[in-house]
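# Survey of secondary and tertiary structure
Now for the letters of each chain:
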Amino acid sequence: MIKKKNNPFDFYNVEELFDDDEKLIQKTVREFIRRELLDVIADCYEKAEFPKKLIPQVGKLGLLGANLQGYGCAGLNNTAYGLILQELERGDSGLRSFVSVQGSLVMYPIYAFGSDAQKEKWLPLLQKGHAIGCFGLTEPDAGSDPGSMKTKAIRKKNSYVLNGSKAWITNGTVADVAVVWAQTDDGIRGFLVEKGTPGFEAKDIKGKLALRASVTSVLYFSDCEIPAENLLPKTQGLKSALMCLNQARYGISWGVIGAALACYEQALSYCEQRKIFGKPLSSFQMIQEKLAWMVTEITKAQLLVWRLSKLKDNDHITPAQISLAKRNNCWMALEIARMSRDMLGANGTAYEYVVGRHMCNLEAVKTYEGTHDIHTLVLGEALTGHSAFGNK
Ligand SMILES: Cc1cc2nc3c(=O)[nH]c(=O)nc-3n(C[C@H](O)[C@H](O)[C@H](O)COP(=O)(O)OP(=O)(O)OC[C@H]3O[C@@H](n4cnc5c(N)ncnc54)[C@H](O)[C@@H]3O)c2cc1C
């Protein structure tokens with residue numbers, strides 16, 4: 001066998017782009033995942049259980065809201081934040097989803113649109129993992145088109161009364177606080193609804209094929225009365241909700257690289273060990289073509305998010321730039337997971353190997369936070385000036 005000259009797991013030495021702090025953060029999270037998640041995740045997945053016992057450690061490591069400033073948050077740059085999500089998703093998309101929802105969809109809206117009292121009450125608790133949050137935008141009849149939501153919040157003297165429902169909500173039944181988006185006389189606004197509020201109920205969605213080690217729920221609001229001060233005062237229409245989604249989509253673009261790397265690494269080592277027709281599987285041309293494609297796409301994806309992190313650090317990032325990365329990287333990771341699953345043959349369908357689990361997870365990750373096609377339309381509009389979303 002010819003000696004390998006390149007590192008198959010970092011073909012372009014992308015790691016050289018990271019400073020010492022970023023490398024240390026990446027290593028710390030990677031070791032945490034190896035130590036605490038990898039041995040238990042297949043079992044959690046099979047039983048459809050979120051590994052909740054890891055939340056205190058995730059909080060202690062400073063992974064929640066890690067790119068926010070103050071309130072106990074780590075205040076990291078967006079490269080370090082992205083690397084955290086990459087290493088979490090190398091373990092499982094479910095734990096990464098938990099961290100993304102908590103940081104980008106619960107802490108960020110409170111941070112960006114909340115009152116001082118809301119920030120002081122919730123951000124330190126959420127940062128430590130002492131409280132859990134969820135984000136309710138999607139409804140049974142409003143996913144890609146959240147502007148058509150039916151949930152309403154009617155203003156009374158000192159309160160709002162919520163009626164409606166939200167579907168496919170990560171963390172719904174385990175959340176202490178829900179960021180809920182609703183129609184008001186003043187357009188779409190965001191509200192904080194606390195667990196236990198009369199008229200608010202959450203139920204888990206059972207029987208998922210994807211993201212099984214993640215809690216996904218339906219939220220019901222039936223004459224649910226919340227104090228007027230639970231309105232997130234700086235929210236202004238759907239654009240505020242979309243600003244939260246942009247934070248999460250940025251993180252997903254990094255996260256899915258972790259899942260892709262886990263699949264590619266397993267496919268490469270499996271094909272080296274597996275002997276077929278008297279030779280290692282990795283010595284066949286069609287297998288090599290697949291591996292070459294994988295390492296090329298992973299390398300391109302890594303460079304894409306690294307550049308995106310610099311645009312985000314400098315506040316020069318646009319939603320369409322984030323769409324490009326979310327769309328490309330989810331597609332790349334899912335294709336790599338599907339290909340790896342195939343290369344492992346029957347073994348690829350077993351929990352003992354990571355590829356099948358990542359493949360199923362990535363089907364959901366490709367759909368949530370804007371489907372592949374929705375991001376195509378975002379890019380189309382950015383390029384041409386014509387909106388092709390629908391009739392409105
Ligand atoms: C595991 C999981 C967790 C989730 N967590 C959350 C959460 O925490 N909070 C939350 O609010 N939501 C969450 N979601 C919901 C998710 O964001 C939605 O599923 C997603 O936005 C797509 O909406 P939909 O499922 O209603 O699909 P639809 O909007 O019905 O789309 C169906 C298909 O139509 C296509 N399509 C839609 N519009 C167009 C168009 N104009 N032109 C061409 N094709 C189009 C889509 O690309 C897709 O292929 C979660 C979903 C999953 C699966």
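Everything quoted here is computed from the prediction, not taken from an experiment. Per chain, the residues get numbers from 1 upward, laid out in the order the sequence is written. Totals for whole chains, interfaces and linings use all residues, but because this is a predicted model, local features are given only for residues with pLDDT of at least 70 and pairs of side-chain atoms are given and counted only at 80 or more.

Bringing the domain arrangement of the protein chain into the picture now. Along its sequence, the protein chain is organised into domain 1 (14–128), domain 2 (133–237) and domain 3 (239–384). The source of the domain bounds is an automatic or database domain assignment. Spacing between the C-alpha centres of domain 1 and domain 3 amounts to 20 Å. In this complex, domain 1 contributes 26 residues to the contact, which on the side of domain 3 involves 27 residues. Residue contributions to the side of domain 1 that touches domain 3 peak at 10 residues, all from helix H5 (residues 93–113). Contact between two residues is assigned when their C-beta atoms, built from the backbone, lie within 7 Å. Numbering of helices and strands runs from the N terminus; a helix is a DSSP stretch of H or I covering at least four residues, while a strand is a stretch of E covering at least two.

In this section: the packing of H5 against helix H7 (residues 238–273). For helices, the fitted line uses only the C-alpha atoms of the stretch in contact; every axis is such a line through C-alpha atoms, and the angle between N-to-C directions lies from 0 to 180 degrees. Relative orientation of the contacting elements H5 and H7 amounts to 155 degrees, with a least axis distance of 9 Å. By the criterion of interaxial angle, the relationship of H5 to H7 is roughly antiparallel. As for how H5 packs across H7, the hand of that crossing is right-handed. Judged by residue contacts, Ser93, Arg96, Ser100, Ser104, Leu105, Tyr108, Pro109, Ala112 and Phe113 of H5 engage Ser240, Met243, Cys244, Gln247, Ala248, Gly251, Ile252, Gly255 and Ala259 from H7. Residues are grouped as follows: nonpolar covers Ala, Val, Leu, Ile, Met, Phe, Trp, Tyr, Cys and Pro; charged covers Asp, Glu, Lys and Arg; every other residue, Gly included, is treated as polar. Each residue belonging to the contact of H5 with H7 can be placed in one class, and the counts come to 10 nonpolar, 7 polar and 1 charged. Comment on the angle field: the value is read as roughly parallel under 35 degrees, roughly antiparallel over 145, roughly perpendicular from 65 to 115, and oblique elsewhere. By the definition used in this description, the sense in which the near helix is turned from the far one sets the handedness, with an anticlockwise turn below a right angle giving left-handed and a clockwise turn giving right-handed.

Another aspect to go through is the site of the ligand. To decide whether a residue is near a molecule or strand, its C-beta atom is placed from the backbone and checked for lying within 6 Å of it. As a matter of local geometry, the ligand sits amid 21 residues, with Leu137, Thr138, Gly143, Ser144 and Thr371 nearest to it. Of all the secondary structure elements, the ones that give two or more residues to the shell around the ligand are strand S1 (133–136), strand S3 (159–170), helix H10 (355–367) and helix H11 (372–384). Top element by residues in the shell around the ligand is S3. It accounts for 3 residues. Looking at the shell around the ligand, its residues break down into 10 nonpolar, 9 polar and 2 charged.

Moving on: the pairing of strand S5 (residues 187–194). Exposure criterion: with C-beta atoms placed from backbone coordinates, a residue whose C-beta has 20 or more other C-beta atoms within 10 Å is buried, one with 12 or fewer is exposed, and one in between is partly exposed. Burial runs high along S5: 6 of the 8 residues are buried. Any two strands with at least two DSSP-identified bridges between them are counted as paired. Both strand S4 (residues 177–184) and S5 contribute to a ladder of 8 bridges, which runs antiparallel. Looking at the pairing, Val177 lines up with Glu194 of S5.

Attention now goes to the nonpolar core. Structurally, a nonpolar core is described as a collection of buried Ala, Val, Leu, Ile, Met, Phe, Trp, Tyr and Cys residues joined by way of C-beta atoms within 7 Å. Counting 103 residues, the largest nonpolar core has Ile84, Phe191, Ala260, Cys263 and Ala333 as its most contacted members. A per-element tally of this core places H7 first, with 17 residues. Among residues more than four places away in sequence, those in contact with Ile84 are Ile25, Val29, Leu63 and Ala66. In this structure, Ile41, Tyr45, Phe50 and Ala213 belong to the second largest nonpolar core, which totals 6 residues.

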